[in-house]
Every structure is written in structure tokens, then in C-alpha cells.
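Analysis of the macromolecular model
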Amino acid sequence: MTTNPRTVIIGAGIVGTNLADELTERGWTDVTVVDQGPLPLTGGSTSHAPGLVFQTTGSKTMTAFATYTVEKLRSLDVDGGWCFNQVGGLEIATTPERLADLHRKRGWAISRGVPATVVGPDECVRLHPLLDRDRVLGGLHTPTDGLANASRAVVALTRRAQARGARFQGSTRVTGIERSGGRVTGVQTDRGVIPAEVVVSCAGFWGRELGRLVGMRVPLLPLAHQYARTGRVEELVGRNEGGVEARMPILRHQDADLYYREHDDGIGIGSYAHRPMPVSIGELPESAEGDPTGSAMPSMLPFTEEDFATQWEQSQQLLPALASAKVETGFNGVFSFTPDGGPLIGESADVAGFWVAEAVWVTHSSGVARAVAQLLVDGRSELDLHGCDVHRFDEVETTDAYVDETAQQNFVEIYDVVHPLQPKTSPRDVRVSPFHARQRELGAVFLDSHAWERPHWYEANAALLPDLPVEWQPPTRDAWSAMFHSPVVAVEAWRTRTAVAMYDMTPLRRIEVSGPGALGFLDAVTTGRMDRSVGSVTYTLALDDAGGVRADLTVARLGETLFQVGANSNLDVEYLRRRAPDDGSVAVRDITGATCCIGVWGPLARDLVAPLTDDDLSHEGLKFFRATAAHIAGIPVTAMRLSYVGELGWEIYTGAEYGQKLWDVLFSAGRGLGVVAAGRAAFNSLRLEKGYRSWGADMTTEHNPYEAGLGFAVRPQKGDFVGRDALERIDESAVTRRLTCLTVDDRRSVVLGHEGVLVDGEPAGYVTSAAFAHTLGTPVAYAWLPAGLPVGSPVEIRYFDRSVPATVAAEPLFDPEMTKIRR
């Protein structure tokens, strides 16, 4: 590709114009932006967006997107008119649960550099005088939040991009994408073909249809969302003169699914409290050519008053000044929703050069555009994008039926206080392992991940609670950390450490890489040495070009040209397929659904398995990090001597058709040894005791191996691999931050992850993973903190409205000599 490729951006809304601005700033000036609607108000979501920008969410990346959007839009104006009015944001609580959640949110904010304070009712009323003090328990005030004038920002961004050479073409409908040799070559429109080497769809709720032009599933659903504006409110008359529009903070009343902003002397009210209203693209009205007022816009549907009646009453109660006002106008505005609420960023897996940046709201628009521009120009984003990557979903999650149901549920829950472990209510039982029937018989409590049912614990093990030794008794948890948890988890951890347990590892991604070029290919994309004997298993990393950790992998060499890769998600499948040579020498196949896996771990694991096989599973016969083909009770399996929990044992793989039989044989053989089925909660606790990392939580592309404590997995002497040059420029001893092990001083204070961490009273980092360490009898956490903190250093974890003392600890906390795992 040239250094200034011909680029077509489809969509001239806030995302497309931001992207044109970011690309032209980086020297990509051969940019054409097309839109089916008239410029500048094209009829998409930008044209009617209320513009409220609340920066802080549960996602660090989304917060960074929003913060950059604030910074960028503040710097813009159109003929002196503001593009961002930094009035601040106020999220109020009318229930104790919401107030507690606002404290949690403040912890996120301060750990990310966003100023925020939880204030009492009096301060809430001082900030927003229309509030009824008696209904408010408190609020979260973020002074750097505010209002974006999206339509004005589009004009400013368009002008700047045009000054650098970009072209904008309205009233141009895209009818197809031209391709040759698996790459885009142009965009077909009703006004002719526009040649292109790069095409980026920023079409908003039309993105699903644009994706279909190249056979790409874009998992989003257009949904209507109500917005109403009142007439004059007497208390606001004269407050917002001179084009200011608003002076009070933007306001969220999430307990009622409502938000508010000023419009001069009126109030705008947005509601998520109504029924989900899916929108069929084919039924939307056409944009009106030459209509600068936007009165005929596809994204603005007629207001359904019956869906707003209750919300109007609630608004009058919260803001008594509205009692004398009336709703004068309203519309049902169309926005995009996805299965998990995140945006969709990335390149088509099948058509090179076709990219999407969809399901992006004004709040995150500039940040997303910068990330996409960095991907295109530099090959990587400075921010971790795994929660935004369009390929993060498995195939079933991209089907219309799944997207439609989950996106509507996300609409319903958008302002809910959602626990980090809270599973979907529907759809469920979409993907189950071959052991599912047996797990149900044992009272498995399932959570879900990527449509897989995953046992979190087994109620059958509650019968063993009376036998739990005193030193293994778990503490009583607070209400939040007790949700989606059970004391039974302690039993499962205890039996794993003292007897033997069986874990269902089936949902973990398995990729088969084969062919004459497989060895060289894997050697080139990982940090470890792959040219090892058949039967070897290697823990390794896949890096990006800057040395960021894009995945941690376990690679087993099962044959001269056959490898099984234990990976994290569909992102790894997509990455390996994209990097594989196109000469047919390497085949990459996702075998997860066709296979299954049981982890058999514990000091009695060999006593359980050895009598069932004639194969040598002794320590000498199958050493740690080795794999072998074997038979267990006549069932063909692959046994890998691995342990993510720090105990003797194996990951035992077989074909899905043998799964239930394998489970039955192992469980029956283990009864006399005290075997239990154990779930993900015990698994997570035990892996943290060993200091084993979880990609996506503990490290991402924002971190290099040395910061993450994974330098041992890097073999620079083996030769070239992706990221090697970048690592050579990093001084391992000079890194400024490290993934740090913490033990919590109070055993009753179980944190869950994402909490801010303070050092010497100042924000210094954040928790990645956390659990109660049942073997040690104390809560543990891992956190990104400044490098150089000595073992024993005190820190504070912000847990809701209190500080939880913790201490920097040496890792691993359990069995640092690795004696238990290697016997």
C-alpha cells in the first residue's frame, strides 16, 4: 500500500468527519467522504444527537475515547460558535444502590485521570438548582464532562479536512464495493465508481447493510430512543443568553433511565425507560435533499407519546420546575446497539482494505476515529481495542437473531447497576459442553461467556461444607462481592489443593495449525521457540509490532507439521488466519466446538487417571509441559501436562463425541479419592495464587512482556518474530510500571477488579484481577502500579466509598518452588 492510499469513508457524520480529520492530519490526504444524505446534516444519528458526554464507564478504553473527544471538540469552533460546552456532568442517585455505584464509578474515574467527586444533596442542588433536594441522596460530579454540538463539530472537522485535501460528496448512495484479488478497489455509487485502496464504513445504523456488500456480518441493531424538549421553563429564562445554550451540568437520573440537558430556556429529556423499538432500515424515510433544517431525517422517527407518559411524570417529580412546562417537541431517534454495548472497529476478515467503525456514539467519536487512523497509518492503536474489535464475537454472536435479542437487552439495561459477573438472562444454553447434562445433575450454577455455559460452582459440593477445615473457612462477604458467589467455591478450591478436582475447560479456544509451513509460521508470530520435539508444549506470546502483548498462547506440537494452540478468543483465530501465508502451506482451523477438555488437577490426579490407562503418565513418562496421545478407558485422548491452578495434573482433550463418556469414567474413578467437579470461581482463585496471567484482564497490547512479568516467555535469540525489534529497544530494568501482586490486609474485603489503587494517597493505577485466595486465607489482587514499589509497600484500593489497605507482595504467593506441579 502507498503512503497516501486512496481512501473512501462512507458516512459524513461525527465519526466519518473525525476520521477524515485524523487521517489528513497524518498525511493521508487522498480521502473522499461520501454520504447518501445532503451535507452537512446527512440524516444519520449525528444530526439529532443530544450531545451529552459523560466520560466515565466501566471500560478504561471507552473512558479514554471520551476524554480525547472532550479534548478535541473543546479545541474546535465554527465561526466562534462552540463545539463543546464544558458544563460538567452530574449523575444523581435516588437509591442507596445507585449512590454506592457512583462511588464505584468515581474510583474508575480517578484511576484514569478524570476528576470526579461524590457530592451530597445540597451540592447537587447548588450545581443543578432545578433538582428536588428531597429526592436526591447524592451525585457524582465530573467537571470535565459536558455538551458536544455534534452537527457544528461536523462542520468544523469537514472544513479542516478539506483544507488538507479531503473531498466531501453528499447525496451519493453507495451501491456496492468493488474487489479484486481479495482486496477492495473501489466504491460503487449512484454517481459512479470511486477508486479506493481503503474503504472505511462509518455509516452508523446503516453499517449492517454496508457490511453485507462484502459478505461481512456487522453485529449491530438500530433501535429508537426517545428524546423530548419542553417549552419555556420560567426558572431558566435569561440564564443562557448569548448562544451558550446551557450552564448547568448535564444530568443523569439513571434510576429512572432518564437524562437531561438545557436548551436555552427549555429542557431536553432523553429516555431509555421505554420498550425496545427495533428499526427496520428499509422502512426509514429518505433524507430530504436541500433541507438544511433536517426536518425530514431518516434517523428521526415520530414521537410515541404513550411511551413517554410515565417518564414525564418522573421528570416533573425530580425537576419540579417542569410542572408548569409542557413537552413541545419530541422524536424517536435511531441509534446503534451491539450485543455487548461496545463499538465495532476492524478490518474485514475476507476483504482486505474494507474497515468498519460502527456503533460509535458522539461521546467516543473522536477517540474511535483516532484509534482507527492509528490502525490504518501506523498499524496499531495506542489504546487496547480488544473490547471494540469487530472480530471479538464468535460466529453465533453475529447472527441476526442473537444480535437482535442481546442488543435489545443492552438497551433495557443501559443504565442498570450491572455486576461484573452478571450473566445474560437470554439467550442461554446456546453452546454447551458434552458434560452439560452431568453438570446439571451436580447442580452447576452457570454463567455465560461468548454464548458458552460455564459452571461457576456446583451446588452438590455444598454437602462438603461441614467438612471444610477451619483454615479454609471463607469470610462473610459484603453484598456486592457476594453476588454470583457461593461459599461452596472454598470447598472446590480445598479439594483441588488436597485431593483432586475436574474442571470443564471446553470453552477455552483451541486452534489447529497445520501444514508444511506451520512451524515457520508459528515461530514468526510468537516469542517462543517452536522448533522443539514432537510432544513439547510451549507457553508463548503473540506481540504487535510495538511489542505489546496481543495474546498469550500455549502451543503443543502434536506432529511434525501439526500444532494445537490454546488461545483466548476469536481474535486469535482471526489474527492467525490473517497472518498465515496465502500459498496453502498453513491451515488454521478453530477446533473448539469439535473437541472438549477436562482439567484433572490435584495431588491425587495421578491416582485417579493412571489406573484407567496403559500409557505412562508418570512424571518420567510425561514431564511438565509435555503432551502425548493416550487412551483412557479406551477413549482416544491427548493429555497435556499443564496446570493453570498450580497442581499436578493434565488437560485431557478428546473429540466432542466422547466427552460425556470421558467425564463419567473419570468421575466414577475419582469417587474413592474425593473427586469434585469444580467451577470457574475456584479456578480463578487458584490461578491468582500462582500468579498466572489472564490476557485481556491482566495485560493487553498496551503492555509489553517485561512490564507484565512475562519476560521469561520471550526468546529473542531464536531469531526474528513480530515485535522483536521493538523489544530490543526496551530496557527491562527501566520499565516504569509493572503488574504487581497485592494481598489485602483485611480478609473480609474481597475486591473484584477495575478498582483504582492509591499509593501515598494519590491515584497510581488500577486492579486487573482479584479473588479470595482460599489456600492463603486472604483476598489477593493484581494491579498496574509504578515500578519499583518494594515488597511490603502499603497501598490503598478504592472499593466503593472506602479505602481498602493492601500490601505489595512477592509472587507467586503459592508454591514458588513449583514442587507440587512437577511431582
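I will try to describe carefully the structure that is included in this document. (Residues numbered from 1 in each chain as written. Predicted model: local features only at pLDDT ≥ 70, side-chain atom pairs only at ≥ 80, totals over all residues. Heavy atoms only, no water.)

**Remarks on the overall build of the protein chain**
Across its full length, the protein chain holds 18 helices and 42 strands. For the protein chain, whose C-alpha radius of gyration is 28 Å, the value lies close to the compact-globule estimate of 28 Å for 823 residues. Looking at the 823 residues of the protein chain, the share that counts as buried comes to 60%. Within the structure as shown, the protein chain displays about 30,400 Å² of accessible surface, and the carbon and sulfur contribution to it stands at 48%. (Helix = DSSP H or I, 4+ residues; strand = E, 2+ residues; numbered from the N terminus. Rg over C-alpha atoms; globule rule 2.2 N^0.38 Å. Buried < 20%, exposed > 50% of the residue type's maximum accessible area, 1.4 Å probe, protein only. Areas by Shrake-Rupley, 256 points an atom, 1.4 Å probe, with all protein chains shown as cover.)

**Some remarks on the packing of aromatic side chains**
In this structure the tally under the stated criterion is 21 aromatic pairs. Ring geometry for Phe205 versus Trp206: centroids 4.3 Å apart, planes at 35°, classification tilted. With respect to burial, Phe205 and Trp206 carry one shared label: buried. Ring geometry for Phe337 versus Phe411: centroids 5.4 Å apart, planes at 65°, classification edge-to-face. Pair noted here: Phe337 is in strand β21 (residues 327–337) and Phe411 is in helix α9 (residues 400–412), with a separation of 74 residues, a long-range link. Given the relative accessible area of 0%, Phe411 is considered buried. Put simply, the rings of Tyr227, Tyr259, Tyr272, Phe331, Phe335, Phe337, Trp361, Phe411 and Tyr415 pair up and form one aromatic cluster. Here the guanidinium or amino end of Arg152 rests over the ring plane of Trp82, the centre of that ring lying 5.6 Å away. (Phe/Tyr/Trp six-rings, centres within 6.5 Å; stacked < 30°, edge-to-face > 60°. Lys NZ or Arg CZ within 6 Å of the ring centre and 35° of its normal.)

**Brief notes about the pairing of β21**
Regular strands place their side chains on alternate faces of the sheet. Bridge analysis of strand β16 (residues 221–230) against β21 gives 10 bridges, and the strand direction is antiparallel. Residue pairing in the sheet places Leu221 in a bridge with Phe337 of β21. (Pairing = 2+ DSSP bridges.)

**Digging into the sheet that holds strand β12 (residues 174–180)**
Strand order in the open sheet made by the three strands is β12-β13-β14, with antiparallel pairing throughout. Of all the strands in the sheet, just β12 and β14 (192–195) have a single pairing partner and so form its edges. Going across the sheet, the axis of each strand differs from the next one's by a mean of 30°, ignoring polarity. Sheet analysis places β12 next to strand β13 (residues 183–189), joined by six bridges and oriented antiparallel. From the neighbouring strand, Gly176 faces β13, where its bridge partner is Gln188. (Axes fitted to C-alpha atoms, helices over the stretch in contact; angles between N-to-C directions.)

**Considering the sheet that holds strand β39 (residues 762–773)**
Picture the strands of a sheet paired through backbone hydrogen bonds; they go either parallel or antiparallel. If you walk around this closed barrel you meet the six strands as β37-β40-β39-β38-β41-β42, and the pairing is antiparallel. Taken pair by pair, the neighbouring strands of this sheet meet at an average axis angle of 40°, ignoring direction. Bridging between strand β38 (residues 756–759) and β39 involves four bridges; their strand directions are antiparallel. Within β39, the position partnered with Val757 by the bridge is Gly765. Lying over the sheet, helix α17 (residues 680–689) contacts β39 and β40 (778–786), oriented at roughly 120° with respect to β39. (Contact = heavy atoms within 4.5 Å.)

**Points about the side chain of Glu574**
Tracing the sequence through the fold places Glu574 in helix α14 (residues 570–579). Residues in contact with Glu574, not counting those within four places in the same chain, are Ala349 and His391.

**Structural notes on the side chain of Glu492**
With respect to the helices and strands, Glu492 occurs in helix α12 (residues 488–498). Residues in contact with Glu492, not counting those within four places in the same chain, are His456, Trp457, Tyr458, Asn461, Tyr503, Val676, Ala677, Ala678, Gly679 and Ala682.

**Some thoughts on the nonpolar core**
Ile9, Leu19, Leu23, Phe65, Val200, Val372 and Leu376 are the most contacted members of the largest nonpolar core, which has 47 residues in total. Listing elements by their share of this core, those giving two or more residues are α1 (14–25), β2 (31–34), α2 (60–74), α5 (150–163), β15 (198–201), β23 (354–358) and α8 (365–378). Among the elements that line this core, the one with the most residues is α8, at seven residues. Excluding residues within four positions of it along the chain, Val372 makes contact with Leu19, Val200, Ile345 and Ala357. (Core = buried A, V, L, I, M, F, W, Y, C linked by side-chain atoms within 4.5 Å.)

**Digging into the pattern of salt bridges**
In total, this model carries 50 salt bridges according to the counting rule given. Ionic pairing is found between Glu512 and Arg589, a salt bridge with its closest N-O pair at 3.3 Å. Of this pair, Glu512 sits in strand β27 (residues 510–514) while Arg589 sits in strand β31 (residues 587–590), and the two are 77 residues apart along the sequence. For Arg589, a relative accessible area of 44% corresponds to the partly exposed category. It is possible to trace a salt-bridge network through shared partners that takes in Asp21, Glu22, Glu25, Arg26, Lys72, Arg160 and Arg164. (Salt bridge = Lys/Arg side-chain N within 4 Å of Asp/Glu carboxyl O.)

**Thoughts on a negative patch on the surface**
On the surface, Asp614, Asp615, Asp616 and Glu620 cluster together into a negatively charged patch. In this fold, Glu620 is placed in the loop between α15 (605–609) and β33 (627–632). Looking at Glu620, the relative accessible area reads 61%, which means it is exposed. (Patch = residues over 30% accessible without salt bridge, like charges linked within 9 Å, V, L, I, M, F, W, Y side chains within 5 Å. Lys, Arg positive; Asp, Glu negative; His and termini not counted. Charge placed at Lys NZ, Arg CZ, Asp CG, Glu CD.)

**A closer look at unusual backbone geometry**
At the junction of Leu39 and Pro40, the peptide bond is cis and its omega measures out at 0° in the coordinates. One can find Pro40 in the loop between β2 and β3 (52–53). Omega for the bond connecting Ser426 with Pro427 falls within 30 degrees of zero, at -5°, which places this linkage in the cis form. Along the chain, Pro427 turns up in the loop between α9 and α10 (436–441). Positive phi is not limited to glycine here, since Phe484 has a value of about 55°. One can find Phe484 in the loop between α11 (479–482) and α12.

**Quick notes on the state of the cysteines**
Throughout the structure, instances matching the rule amount to zero disulfides. With no disulfide of its own, Cys597 lies 7.7 Å from the sulfur of Cys596, the closest cysteine sulfur. (Disulfide = S-S within 2.5 Å.)

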